[in-house]
Amino acid sequence: MEGRIPQDLSESSEQQMKPGQEHHEERTRAEIAAKVTEIWARAVERPEVDEHTDFYFHGGNHFLAPVMIQCINDEMDLELTVRDLEQARTIAKLTDLIYFEKTRIDRSTVVPLRHIHGSRPPLFIVHGVGGNVLGFYSLARCLNEGQPVYGIQAQSLLPDREALLGLEQMAAEYVADMRAVFPQGPFNLLGFSFGGLVAYEIAQQLQAAGLEVGLLGMLDTRQPEWMRGVPTRGPLYRRIFWRMRLLYLRTHRRKGRLRYLWRRLGERMQRVNYMYAATKGQGKVASSVRNVREINYVAGISYTVRPYPGRVTLFRAEHDPNEQPLPPDLSWGQFAQGGVEIKDLPGDHGRILYQPGLDALATELTTALREADSEHATGSLRSGNAEPNPGRVSMEI
């Protein structure tokens, strides 16, 4: 399964989950969480485990992982893999994954994270470099009760589609899937890290099609130029440590460390192959040789940023561990013709979707969505009598 998030897209935006169904969803999730907790506790031989505890850092290891996954599959009639556990390393995230697997009907890149019966424009949250949207479920629950939320998972996770190496081509697929759910807009977008680049390109394509973009939010998103320069910055030992993810070596026993290193080297070779294919104009990757993270990384560093005729809202982590400080707007001001609104959040890049940053992000995001709704309503009232603000994407349909 490799981190894929199944979903039900059979309902239109006018036929979303009704209030009574939300309680059923909560009960179902609670039952799944209770069962996962029971199996988890047996596997790590601990009487109590926290739903946010990382399996590999609190009693679990790569010998227990397949045993626990097999128990979950046998007792819950599933087909999860150890790779799924690596993507969903806590009880909370594994519960989300199992819920989506049990309730799926169809497959698409668009994943309903929060069904709400109402007319408010939904928020589409674009995946990070890892491809899945599990980490956004907690954020969706923290937003205004009337806010529908969809996640956009990586197209390279879907087995029936060829993986695309070009970010523009990825965005085009996402736009088509978004419009199947919400045809006319306005479209509210948020992208995490690499996903901010994708959200930026989605906004470009929506605007070019004459559709309205409400919020274009980026969650600690760097420029492709910065991504391309990362391997050349800092001492050599530190670059190797982070790029090879050697931090996770301590989660392996001695015999497993060599296998982990070998796998990481293989992933780096895949990246080289993808970069070569991209430079030769080969824009697709067969399912048998795809690596989601490396595909997205290559798409990011190959992307050329163009000026955007609207505003970017940048949600930025206050703590920046990089040795070379970055400008407050992460250099987006030179491309966003409507300006960049910066909202600082506690924590660093890796913890921005965890507390206390999660509550701060939900508060700022709720405010930004409310402002986007207000601007849309004002623009609709004025559309017959005034020219749209040139600093915003405001195209009436």
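Residues numbered from 1 in each chain as written. Predicted model: local features only at pLDDT ≥ 70, side-chain atom pairs only at ≥ 80, totals over all residues. Heavy atoms only, no water.

Considerations on the packing of aromatic side chains
Phase 1 of the analysis: Under the definition given, this model contains 9 aromatic pairs.
Phase 2 of the analysis: Measuring from centroid to centroid gives 6.3 Å for Phe-124 and Phe-187, while their planes differ by 40°, and the two rings are tilted. Taken together, the residues Phe-124 in strand E2 (residues 123–126) and Phe-187 in strand E5 (residues 187–192) connect sequence positions 63 residues apart.
Phase 3 of the analysis: Given a relative accessible area of 0%, Phe-124 falls into the buried group.
Phase 4 of the analysis: Pairing Tyr-200 with Tyr-308 gives two aromatic rings, centres 5.7 Å apart and planes at 55°, and the pair type is tilted. Residue Tyr-200 is located in helix H7 (residues 194–208), and its partner Tyr-308 is located in the loop between helix H11 (292–301) and strand E8 (312–317); the two are separated by 108 residues in the primary sequence.
Phase 5 of the analysis: Taking the relative accessible area as the measure of exposure, Tyr-200 reaches 0% and is therefore buried.
Phase 6 of the analysis: According to the relative accessible area criterion, Tyr-308 is buried, its value standing at 1%.
Phase 7 of the analysis: A network of ring pairs unites the aromatic residues Phe-124, Tyr-150, Phe-182 and Phe-187 as a single cluster. (Phe/Tyr/Trp six-rings, centres within 6.5 Å; stacked < 30°, edge-to-face > 60°. Helix = DSSP H or I, 4+ residues; strand = E, 2+ residues; numbered from the N terminus. Buried < 20%, exposed > 50% of the residue type's maximum accessible area, 1.4 Å probe, protein only.)

Topic: the pattern of salt bridges
Phase 1 of the analysis: One pass over the structure, following the stated rule, counts 13 salt bridges.
Phase 2 of the analysis: Measuring nitrogen to oxygen at the nearest pair gives 2.7 Å for the salt bridge that ties Glu-75 to Arg-42. Note that Glu-75 is positioned in helix H2 (residues 64–76) and Arg-42 in helix H1 (residues 19–44), a separation of 33 residues in sequence.
Phase 3 of the analysis: The class of Arg-42 is partly exposed, set by a relative accessible area of 40%. (Salt bridge = Lys/Arg side-chain N within 4 Å of Asp/Glu carboxyl O.)

What about unusual backbone geometry?
Phase 1 of the analysis: Gly-185 connects to Pro-186 through a cis peptide bond whose omega is 5°.
Phase 2 of the analysis: With respect to the element layout, Pro-186 can be found in the loop between helix H6 (167–181) and E5.
Phase 3 of the analysis: Backbone torsion omega between Gln-355 and Pro-356 reads 5°, so that peptide bond is classified as cis.
Phase 4 of the analysis: Tracing the backbone through its elements, the reader meets Pro-356 in the loop between strand E9 (340–345) and helix H12 (357–382).
Phase 5 of the analysis: The residue Asp-77 is not glycine, and still its phi comes out positive at about 55°.
Phase 6 of the analysis: With relative accessibility at 70%, the residue Asp-77 sits in the exposed group.
Phase 7 of the analysis: At Asp-220, a residue that is not glycine, the phi angle is positive and equals roughly 55°.

Some remarks on the side chain of Asn-296
Phase 1 of the analysis: Examined against the element boundaries, Asn-296 turns out to sit in helix H11.
Phase 2 of the analysis: Judged by its relative accessible area of 0%, Asn-296 is buried.
Phase 3 of the analysis: Only 2.9 Å separates the side chain of Asn-296 from the backbone oxygen of Val-129, close enough to count as a polar contact.
Phase 4 of the analysis: Apart from residues no more than four positions distant in its own chain, Asn-296 is found in contact with His-127, Gly-128, Val-129, Gly-130, Gly-131, Ala-154, Met-170 and Phe-194. (Polar contact = N/O pair within 3.5 Å; in protein donor to acceptor, adjacent residues only side chain to side chain. Contact = heavy atoms within 4.5 Å.)

Quick notes on H6
Phase 1 of the analysis: With 15 residues, H6 should reach 21 Å at 1.5 Å per residue; the first-to-last C-alpha distance of 21 Å fits that figure.
Phase 2 of the analysis: Residues of H6 that are buried: Leu-167, Met-170, Ala-171, Tyr-174, Val-175, Asp-177, Met-178 and Val-181. (Expected span 1.5 Å × (residues − 1).)

Remarks on the sheet that holds strand E1 (residues 110–114)
Phase 1 of the analysis: Pairing is mixed across the open sheet formed by 7 strands, whose spatial order is E1-E3-E2-E5-E6-E8-E9. The two strands at the open ends of the sheet, each matched to only one other strand, are E1 and E9. Between one strand axis and the next, the sheet turns by 25° as a mean value, whatever way the strands run.
Phase 2 of the analysis: Inspection of the sheet shows E2 paired to E5 by 4 bridges, in the parallel sense. Considered in E5, the bridge of Leu-123 is made with Asn-188.
Phase 3 of the analysis: Against the sheet, H7 contacts E2, strand E3 (149–152), E5, strand E6 (213–219) and E8, and its axis sits at roughly 155° relative to E5. (Pairing = 2+ DSSP bridges. Axes fitted to C-alpha atoms, helices over the stretch in contact; angles between N-to-C directions.)

Some points on the confidence of the model for the chain
In low-pLDDT regions, the fine details of the predicted coordinates are not to be read closely.
Phase 1 of the analysis: Confidence in the prediction for the chain averages 77 pLDDT; 70% of positions are at 70 or higher.
Phase 2 of the analysis: Low confidence marks residues 1–19, where pLDDT is under 50. Its contacts with residues over four positions away, or in another chain, come to 73 contacts. (pLDDT = per-residue confidence, 0-100.)

Examining H11
Phase 1 of the analysis: Within H11, 9 of the 10 residues are buried, which leaves the element mostly enclosed by the surrounding structure.
Phase 2 of the analysis: Along H11, the positions that sit buried rather than exposed are Val-292, Glu-294, Ile-295, Asn-296, Tyr-297, Val-298, Ala-299, Gly-300 and Ile-301.

Focus on the pairing of E3
Phase 1 of the analysis: The alternating pattern of E3 places Val-149 and Gly-151 on one face and Tyr-150 and Ile-152 on the opposite face, and all of these are buried.
Phase 2 of the analysis: Across 4 bridges, E1 lies against E3 in antiparallel orientation. Pairing of Val-110 across the sheet is with Ile-152, part of E3.
Phase 3 of the analysis: Where E2 meets E3, 4 bridges bridge the pair, whose relative direction is parallel. From the neighbouring strand, Ile-125 faces E3, where its bridge partner is Gly-151.

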